[in-house]
Amino acid sequence: MNQVHCVHCGGLLSASTHEQCRNPRTALEPPRYCPQCARRMVVQVTPTGWTARCSRHGETSSSDSVPTG
């Protein structure tokens, strides 16, 4: 069974609403934890975006993320 973790705190995203990490401030922040394994990621923020790298699952960037809204 695949578990999904919060990219801001590393906690499990389950049936709970996980409200403390869903606010306007965190919507603009890059992910800090891998959603697949909850490992802390190496994050680099630049004026044009961000990249985040998990030692097990590779790299993602702001250009990979889909805008919501």
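Residues numbered from 1 in each chain as written. Predicted model: local features only at pLDDT ≥ 70, side-chain atom pairs only at ≥ 80, totals over all residues. Heavy atoms only, no water.

## Describing the confidence of the model for the chain
Stage number 1. Per-residue confidence for the chain gives a mean pLDDT of 84, with 87% of residues at or over 70.
Stage number 2. Within the chain, helix α1 (residues 24-27) has the poorest average pLDDT of any element, 80, and strand β1 (residues 42-46) the best, 96. (pLDDT = per-residue confidence, 0-100. Helix = DSSP H or I, 4+ residues; strand = E, 2+ residues; numbered from the N terminus.)

## Quick notes on the sheet that holds strand β3 (residues 58-61)
Stage number 1. Strand order across the open sheet formed by three strands is β1-β2-β3, with antiparallel pairing between neighbours. Whereas interior strands pair on both sides, the edge strands pair on one side only; in this sheet they are β1 and β3. If you compare each strand with its neighbour and ignore which way they point, the axes differ by 15° on average.
Stage number 2. Pairing of strand β2 (residues 49-54) with β3, which is carried by four bridges, proceeds in the antiparallel orientation. Counterpart to Thr51 in the pairing with β3 is Ser61. (Pairing = 2+ DSSP bridges. Axes fitted to C-alpha atoms, helices over the stretch in contact; angles between N-to-C directions.)

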